[in-house]
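# Examination of the molecular architecture
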Amino acid sequence: KQWYQRRVRGDKKSKDSACIEISSYTRIGEGYNSYIVYTIQTALGEAPKTTVQRRFNDFFVLHQLIVENYLPRGVIVPPVPEKNFMGTAKVRFGGNNENIQDQSLFIKRRKAALERYLNRLMAHHLISKDETLRRFLQEEDAPRPNPNASGIKGFMKNMETMVTKATARINEVDEWYEDKQGHILEMEETLKKILAVVDNIVADRRDLVAKSAAFGASCLHLGEGEDNASLRRAITKLSELENNLSTVHSEMADSDLFVFGETVKDYISIIQAAKAAFDERVKTFSVWESSQ
């Protein structure tokens, strides 16, 4: 972000430098037809800063196009943030204060994840030069999906891929691939266990937030009805302490979620992207073997 701010002020950097920031988001419409638009600001090398607006579906289309171009070549494509139907439903239909807080948290998490995704694409030595990615970041209209990748054709292609993954087998003779496959499977299993523990920790901290706040409010009411001035002050101080603890627990829960939990989740997604590259190798081997 510091480099991005320098670019906005006009400081010169390398022609290959790139920085992308999702500066804001806006909710459009109400109810079922509502959606979130993200404002993306991009500074690429010495080119002028560009600003575009994109929906989440636009990111998903971009990912599909990049996967079609690079995965068959064995490139590990950085994973796009996954769809979350429950979170989307809360954004569209939530109305009370609790749901509004959940909406804000969901949108902030998705905004941060989308920003990381774009910067990972630009950090990739091959994908960063992709014309589709450049158009996504610089042109007003987002790239459209490949007609062959949607509808019946897309469904049939996905079914073919699933069948190939289920039936194709390689008698592995390359020790490097065999070692790496075992390694990433072990890492994925371990990280999923860590993520489950982090989720439990965050849930426990959220519970402490609510209980500390409730205890603080009870102490405040108890103090207001106390005739002894010294005891009333002590109870009031205890109420303030519990409210401060509630705030600390809330900050720690957010830190556990955003700093640790999201990082672990990202690593799991990257491992799944690596597995997809291995699956493509199996698919290519199957095609080669059937052509013999």
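Residue indices follow the written sequence of each chain, beginning from 1 at its first position. Side-chain atom pairs in this predicted model are given and counted only at pLDDT of 80 or more, local residue features only at pLDDT of at least 70, and totals for whole chains, interfaces and linings cover all residues. Processing note: side-chain calculations cover all non-hydrogen atoms of the structure and skip hydrogens and water entirely.

Attention now goes to the sheet that holds strand 2 (residues 35-44). Strand pairing is assigned whenever DSSP detects at least two bridges linking the two strands. Only DSSP runs of H or I with at least four residues qualify as helices, and only runs of E with at least two residues qualify as strands; both kinds are numbered from the N terminus onward. As summarised here, the arrangement of the 3 strands in space is 1-2-3, forming an open sheet in which the pairing is antiparallel. Both edges of this open sheet fall to strand 1 (18-28) and strand 3 (50-55), since each of them pairs with a single strand only. Strand-to-strand twist across the sheet, computed as the mean angle between neighbouring axes with direction ignored, equals 25°. The pairing of strand 1 with strand 2 spans 10 bridges and is antiparallel. Each residue of the ladder has a partner; that of Ile 28, found in strand 2, is Tyr 35. Along the sheet, helix 2 (residues 56-70) makes contact with strand 1, strand 2 and strand 3, crossing strand 3 at roughly 95°. On the sheet, helix 5 (residues 131-138) packs against strand 1, strand 2 and strand 3 and is oriented at approximately 100° with respect to strand 3. Orientation is described by axes fitted as lines to C-alpha atoms, over the contacting stretch for helices, and by angles from 0 to 180 degrees between their N-to-C directions. Contacts were defined at the residue level, with two residues in contact if any of their heavy atoms lie within 4.5 Å.

What follows concerns the side chain of Asp 266. Structurally, Asp 266 is set in helix 8 (residues 229-290). In this structure, Asp 266 is in contact with Arg 116 and Arg 120, ignoring residues within four places of it in sequence.

Within the secondary structure, Leu 114 sits in helix 4 (residues 97-123). Taking the C-alpha atoms as reference points, Leu 114 and Ile 40, 74 residues apart in sequence, are found 9.9 Å from one another.

Another point: the nonpolar core. Remark: nonpolar core denotes a set of buried residues (Ala, Val, Leu, Ile, Met, Phe, Trp, Tyr, Cys) joined through side-chain atoms within 4.5 Å. Burial here depends on accessible area, computed with a 1.4 Å probe over protein chains only, as a share of the maximum for the residue type. Under 20% is buried, over 50% is exposed, and the range in between is partly exposed. Counting residues in hydrophobic clusters, the biggest one holds 26 residues, and the most contacted among them are Ile 40, Phe 59, Leu 62, Leu 118, Leu 121, Ile 127 and Leu 137. Within the residue set of this core, elements represented by two or more residues are strand 1, strand 2, helix 2, helix 4 and helix 5. Here this core gets 7 residues from one element, more than from any other, and that element is helix 4. Apart from residues no more than four positions distant in its own chain, Leu 118 is found in contact with Ile 20, Ile 40, Phe 59, Leu 62, Phe 136 and Leu 137. Formed by 8 residues, the second largest nonpolar core is a distinct cluster that contains Val 264, Ile 271, Ala 274 and Phe 278.

Turning next to the confidence of the model for the chain. Here pLDDT means the predictor's own confidence in every residue, given as a number from 0 to 100. The predicted model of the chain has a mean per-residue pLDDT of 81, with 81% of residues at 70 or higher. Considering only residues more than four positions removed or in separate chains, one finds that residues 1-14, a stretch of pLDDT under 50, has 23 contacts.

Once that is clear, we can look at the packing of helix 7 (residues 175-224) against helix 8. The description of two packed helices rests on the angle between their axes and on the distance between the axes. Running from amino to carboxyl end, helix 7 crosses helix 8 at an angle of 165°, the nearest separation of the two axes being 7 Å. It follows from the interaxial angle that helix 7 and helix 8 lie roughly antiparallel. For the crossing formed where helix 7 meets helix 8, the hand is left-handed. Oblique is the label for any angle not covered by the other classes, which are roughly parallel (under 35 degrees), roughly antiparallel (over 145) and roughly perpendicular (65 to 115). Take the far helix as your reference; a near helix turned counterclockwise from it by less than a right angle gives a left-handed crossing, and one turned clockwise gives a right-handed crossing.

Another point: helix 5. Those residues of helix 5 that fall on the buried side of the exposure criterion are Thr 132, Leu 133, Phe 136 and Leu 137. Relative to the axis of helix 5, the buried residues are bounded by an arc of 130° and lie together on one face. Two to three positions downstream of the cap, the backbone nitrogen of Thr 132 sits 2.9 Å from a side-chain oxygen, assigning the N-cap of helix 5 to Asp 130. Here the arc refers to the set of directions running from the helix axis out to each C-beta atom. Counted as a polar contact is a pair of N or O atoms within 3.5 Å, where, for protein atoms, one must be capable of donating a hydrogen and the other of accepting one, and residues adjacent in sequence contribute only when both atoms are in side chains.

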